[in-house]
Amino acid sequence: MTYFDTTHLRQQQKEEEYKTMLVNTEKQEQLVTMLAEEFVDKTFSPSLMHAKIEYYGRKIPLTSVRRAISTLTREGVLKKTDKQRTGYYGKREYMWRLV
């Protein structure tokens, strides 16, 4: 479901509130793409992305985040890096970045 800002809410709300509203209306692939730019070094793992999505109040399973990342990688929107970090459950996971 796409949100159309016909009432110019972005100008009236704090950026954080506006982003939370957008997160709640985006499809998972769009959500991952939108939030990918927020990471400090521009790389992220599935668990980091999942935590960011939950920070904005959207509850989706980690497996859905992984699926969205895989789909975006296949479409050429994201690129898997050689970097790894420890994710949920103490397991190593790869990092991705926007292309």
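Reference entry: report on the structure contained in this document. The model shown is predicted, which means the values in this text are computed figures rather than measured ones.

**Topic: the overall build of the protein chain**
Then, number 1: Looking only at helices and strands, the protein chain has 5 helices and 3 strands in total.
Then, number 2: Counting helices and strands in the order they occur from the N terminus, the protein chain gives α-α-α-β-α-α-β-β.
Then, number 3: Residues counted as buried form 37% of the 99 residues belonging to the protein chain.
Then, number 4: Long-range contacts, defined here as pairs at least 24 residues apart, represent 45% of the contacts in the protein chain between residues at least 6 apart.
Then, number 5: Total accessible area on the protein chain stands at roughly 6300 Å², and carbon and sulfur atoms take up 53% of it.

**Let's talk about the pattern of salt bridges**
Then, number 1: Counted under the stated rule, the structure contains 4 salt bridges.
Then, number 2: Measuring nitrogen to oxygen at the nearest pair gives 2.5 Å for the salt bridge that ties Arg 67 to Glu 29. Pair noted here: Arg 67 is in helix 5 (residues 62-74) and Glu 29 is in helix 3 (residues 28-36), with a separation of 38 residues, a long-range link.
Then, number 3: By relative accessible area, Arg 67 is classed as partly exposed at 36%.

**Some points on helix 5**
Then, number 1: End to end, helix 5 covers 18 Å across 13 residues, agreeing with the expected 18 Å (1.5 Å per residue, within 8%).
Then, number 2: For helix 5, every residue scored as buried is listed here: Leu 62, Ser 64, Val 65, Ala 68, Ile 69, Thr 71 and Leu 72.

**Focus: the nonpolar core**
Then, number 1: Ranked by internal contacts, the top residues of the largest apolar core, which has 16 residues, are Val 32, Phe 44, Met 49, Ile 53, Ile 69 and Leu 78.
Then, number 2: Mapped by element, the contributors of at least two residues to this core are helix 3, helix 4 (46-55) and helix 5.

**Focus: the sheet that holds strand 3 (residues 92-98)**
Then, number 1: Spatially, 1-3-2 is the arrangement adopted by the 3 strands of the open sheet, whose pairing is antiparallel. Two strands bound the open sheet, and with one partner strand each, they are strand 1 (43-44) and strand 2 (78-86).
Then, number 2: Pairing of strand 1 with strand 3 involves 2 bridges; the strand directions are antiparallel. From the neighbouring strand, Thr 43 faces strand 3, where its bridge partner is Arg 97.

Parameters and conventions
- Residues numbered from 1 in each chain as written.
- Predicted model: local features only at pLDDT ≥ 70, side-chain atom pairs only at ≥ 80, totals over all residues.
- Heavy atoms only, no water.
- Helix = DSSP H or I, 4+ residues; strand = E, 2+ residues; numbered from the N terminus.
- Buried < 20%, exposed > 50% of the residue type's maximum accessible area, 1.4 Å probe, protein only.
- Contact = heavy atoms within 4.5 Å.
- Areas by Shrake-Rupley, 256 points an atom, 1.4 Å probe, with all protein chains shown as cover.
- Salt bridge = Lys/Arg side-chain N within 4 Å of Asp/Glu carboxyl O.
- Expected span 1.5 Å × (residues − 1).
- Core = buried A, V, L, I, M, F, W, Y, C linked by side-chain atoms within 4.5 Å.
- Pairing = 2+ DSSP bridges.

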